[in-house]
Amino acid sequence: DDDIFSSAFCENSEKLINVHLFALAAKYYSLSNLGVCTPLEDVLEALKGDSEGAAGIKPDEFMNNKKSHEVHVMSELVDSIANYCGIKQVIDIGSGKGYLSSFLSMQYNLKVYGIDSSSSNTNAAHERNKKLKKHWRAYQNRGRENLNSQNLEKANDRPVESEINCKTINEELLNNASSLQNQDQVIIQDLFPSYGSTKMATPETNTETKADLVTGTQSHETRISEEVLAVLNVLPADAVEDFSSSHYNCRELCEEEKIQRKMTSLKTKARKSRESNLYFPLTSCITAETELNDIITDLEDCMMVGLHTCGDLAANTLRIFTAKPEIKAICSVGCCYHLLSEQFENQEECHDQVWGFPMCQYLKDKGWCCGRNARMSACLALERVAVGQMLPTESLFYRAVLQVIIEEIYGGIKRDRHVGKTFSKSSSFIDYVRRSLKKLELDDSKLPDSCIMDYYEKYKHRMNELEAFNMLKVALAPCIEVLILLDRLCYLKEQENIAWSGLVKLFDPVKSPRCYAVIALKNQSC
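The sections below set out a description of the structure shown in this document. (Residues numbered from 1 in each chain as written. Predicted model: local features only at pLDDT ≥ 70, side-chain atom pairs only at ≥ 80, totals over all residues. Heavy atoms only, no water.)

Broken down by element type, the protein carries 22 helices and seven strands. Across the 526 residues of the protein, 44% fall into the buried class. Within the protein, contacts between residues at least 6 apart in sequence are counted, and of these 71% link residues at least 24 apart. Taken as a whole, the protein presents about 28200 Å² of accessible surface, with 49% of it coming from carbon and sulfur. (Helix = DSSP H or I, 4+ residues; strand = E, 2+ residues; numbered from the N terminus. Buried < 20%, exposed > 50% of the residue type's maximum accessible area, 1.4 Å probe, protein only. Contact = heavy atoms within 4.5 Å. Areas by Shrake-Rupley, 256 points an atom, 1.4 Å probe, with all protein chains shown as cover.)

In structure tokens:
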């Protein structure tokens, strides 16, 4: 096959002479065609075991469609891995504004530490988490409407009414602490009218209560648990006291003890659930040498996740995972390949530096290098172009002509200077060039408008040529991404403490082009 595809280029000039063969070769070496990925369904099935997954609530609010899709799919997988490994702590590297972290915490009751290098992201995550908690219970109830029967939907109305009563009662408790015992009785009766066997209950209520206790206790257990959770989320931790014989003078003590034990058990479970349902946004720059114990004081057996970890951060999370015995599993989706550092890109020798590429010993031995242009191409989205979401040809043309102007007029610029998103702010090509030169700290006074337009006119007939060139880059993008992802997978395969590792396609590539996750689980003895 290599011999066939090599004929796409001229043997002497090494120029492309057969575009069709080039496209076929690119498709042949794409990740979807090589057969090295593990289907997501197979991974979830293997992790499930005898347990049943929690009824998922799609996070279609509080985030855009792309992020909602990513969080929904990845959180289900992370929860499955955590359950399989028997862990409750998750470390989200490059957590940003906490979209994945907060959902893992609230939906799956995982204790999540979100670590991001940007303090503005961490602060935004704090604020977003506060707002999210205010609406979360109502959001959950709406999500369950498609999953529950009409009877359960009616039952879900009770906690909502009870929460309103509880808020009113809670205010009274704060104003008059001496009335706590009486208010407790009101709270419990409001929440559980069918279990109101107290002095305040009417004879009719008592009769119904006894019948319910005999025939319906277990059938209502799930509903009661949800109601208790609803109340305890509203009230302070000590606002509801345990049932005791000093509070209630009931004839049927044995029956009352049963209720007491059930309530105590439910509240204990609720308290534990509330304690584990935590999300902590933290600010720290993560490197391959980062000691997590310095950041997380209560570090325990956990798993590490990363949703679109940028550049070297993806590689560093894999290195931390293999080095730290507390981290039992990892699920990492990388992005921004153009920001990867490469060991063999420059001839300068830096023995102490940890590089983003290559990671595996096989490519290191070969001295493999992609180069910035190839890594930039790896960031392109073939699937989006295939469905009509074309590349921004005009902005790319502006940038290409600007490059010519910089080379010919200014003799080039330093590599660390960037134009950024100047095109969207510009009213014309002249405006674009002047904005860009100022951003690059170049003197634009030596460049009249007429000279700028001369460059534009000189190259505008080559815009179609530029578009064709960029389409070839798009076709090649999956092949370069394969190289980077397989390098990471091979690095994990080289480690002795890894029980299983694989590449899994998590997302719809049209919605989320960087859709492949590197997943690994350690040996149980590690």
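Here the narrative resumes.
Enumeration over the complete set of coordinates arrives at 13 salt bridges. With a shortest N-O distance of 2.6 Å, arginine 375 and glutamate 342 are connected by a salt bridge. Placement of the pair is arginine 375 in helix H17 (residues 372-378) and glutamate 342 in the loop between strand S5 (327-335) and helix H16 (361-365), with a sequence separation of 33 residues. Both residues of the pair, arginine 375 and glutamate 342, count as buried. Across the pair aspartate 444 and arginine 434 runs a salt bridge, and its minimum N-O distance is 3.1 Å. Of the two residues, aspartate 444 is situated in the loop between helix H20 (429-439) and helix H21 (449-459) and arginine 434 in helix H20; the sequence distance between them amounts to ten residues. (Salt bridge = Lys/Arg side-chain N within 4 Å of Asp/Glu carboxyl O.)

One open sheet holds the seven strands; their spatial order is S3-S2-S1-S4-S5-S7-S6, and the pairing between them is mixed. Only two strands of the sheet have a single partner each, and these edge strands are strand S3 (279-283) and strand S6 (498-505). Taken pair by pair, the neighbouring strands of this sheet meet at an average axis angle of 15°, ignoring direction. Taken together, the five bridges between strand S2 (residues 111-116) and S3 define a ladder with parallel strand orientation. Pairing of tyrosine 113 across the sheet is with phenylalanine 280, part of S3. Here helix H22 (residues 463-493) sits on the sheet in contact with S5, S6 and strand S7 (516-522), set at roughly 165° to S6. (Pairing = 2+ DSSP bridges. Axes fitted to C-alpha atoms, helices over the stretch in contact; angles between N-to-C directions.)

Another aspect to go through is H21. Among all positions of H21, only Ile452, Tyr455, Tyr456 and Tyr459 are buried. Axial view of H21: buried residues confined to an arc of 100°, hence all on one face. Structurally, H21 contributes buried residues whose contacts are with helix H19 (393-410), H20 and H22. (Arc of directions from axis to C-beta.)

Attention now moves to the nonpolar core. Counting residues in each nonpolar core, the largest one holds 73 residues, and the members touching the most others are Met74, Leu77, Met303, Cys331 and Leu506. In this structure, methionine 74 is in contact with Leu100, Val305, Gly306, Leu307, Cys331, Val333, Leu506 and Phe507, ignoring residues within four places of it in sequence. Formed by 21 residues, the second largest nonpolar core is a distinct cluster that contains Ile405, Ile406, Leu440 and Tyr456. (Core = buried A, V, L, I, M, F, W, Y, C linked by side-chain atoms within 4.5 Å.)

Let's shift gears to the packing of helix H4 (residues 40-48) against helix H5 (residues 65-85). At a minimum axis distance of 9 Å, the contact between H4 and H5 shows a crossing angle of 30°. Here H4 is positioned roughly parallel relative to H5, judged by the angle of their axes. Seen from above, H4 lies across H5 with left-handed handedness. Across the interface between the two elements, Leu40, Val43, Leu44, Ala46 and Leu47 from H4 touch Val73, Glu76, Leu77, Ser80, Ile81 and Tyr84 from H5. Per-class residue counts for the contact of H4 with H5 are nine nonpolar, one polar and one charged. (Parallel < 35°, antiparallel > 145°, perpendicular 65-115°, else oblique. Left-handed = near helix turned anticlockwise from the far one by under 90°. Nonpolar A, V, L, I, M, F, W, Y, C, P; charged D, E, K, R; others polar.)

A few words now on the packing of aromatic side chains. With the rule as written, the count across this model stands at twelve aromatic pairs. Summarising the aromatic geometry, the rings of tyrosine 398 and phenylalanine 423 are spaced 5.2 Å apart at their centres and angled 70° between planes, so their arrangement reads as edge-to-face. Residue tyrosine 398 is found in helix H19, and its partner phenylalanine 423 is found in the loop between H19 and H20; the two are separated by 25 residues along the sequence. Ring geometry for tyrosine 398 and tyrosine 456: centres 6.5 Å apart, planes at 80°, overall edge-to-face. Placement of tyrosine 398 in helix H19 and of tyrosine 456 in helix H21 is noted, with a sequence separation of 58 residues between them. Considered together, tyrosine 398 and tyrosine 456 belong to a single accessibility category, that of buried residues. Pairwise contacts between aromatic rings join Phe397, Tyr398, Phe423, Phe429, Tyr432 and Tyr456 into one cluster. The lysine or arginine in question, lysine 522, covers the ring of phenylalanine 321, its NZ or CZ lying 4.9 Å from the ring centre. (Phe/Tyr/Trp six-rings, centres within 6.5 Å; stacked < 30°, edge-to-face > 60°. Lys NZ or Arg CZ within 6 Å of the ring centre and 35° of its normal.)

Here aspartate 444 falls in the buried class, since its relative accessible area comes to 15%. Beyond its immediate chain neighbours, meaning those up to four positions away, aspartate 444 contacts Tyr410, Arg434, Leu437 and Lys438.

To continue, consider helix H6 (residues 99-108). With nine of ten residues buried, H6 is to be regarded as a mostly interior element. The complete set of buried residues in H6 reads Leu100, Ser101, Ser102, Phe103, Leu104, Ser105, Met106, Gln107 and Tyr108. Phi for asparagine 109, located one or two positions after H6, is positive at around 55°.

Another point: the environment of glutamine 495. Mapped onto the fold, glutamine 495 is located in the loop between H22 and S6. Assessed through its relative accessible area of 23%, glutamine 495 is described here as partly exposed. Counting along the chain gives 27 residues from glutamine 495 to lysine 522, while the straight-line C-alpha distance between them is 9.7 Å. A polar contact is formed between the side chain of glutamine 495 and the backbone oxygen of tyrosine 491, at a distance of 2.9 Å. (Polar contact = N/O pair within 3.5 Å; in protein donor to acceptor, adjacent residues only side chain to side chain.)

Within this structure, the stated rule accounts for zero disulfides. This cysteine, cysteine 515, is not joined by any disulfide, and cysteine 37 carries the nearest cysteine sulfur, 8.4 Å off. (Disulfide = S-S within 2.5 Å.)

This part takes up unusual backbone geometry. Along the chain, phenylalanine 357 connects to proline 358 via a cis peptide bond; the corresponding omega equals -5°. One non-glycine residue with positive phi stands out, namely glutamate 14, at about 65°. Looking at the element boundaries, glutamate 14 is found in the loop between helix H1 (2-6) and helix H2 (19-28). A positive phi is found at cysteine 336, a non-glycine position, where the angle reads about 55°. Residue placement: cysteine 336 occurs in the loop between S5 and H16.

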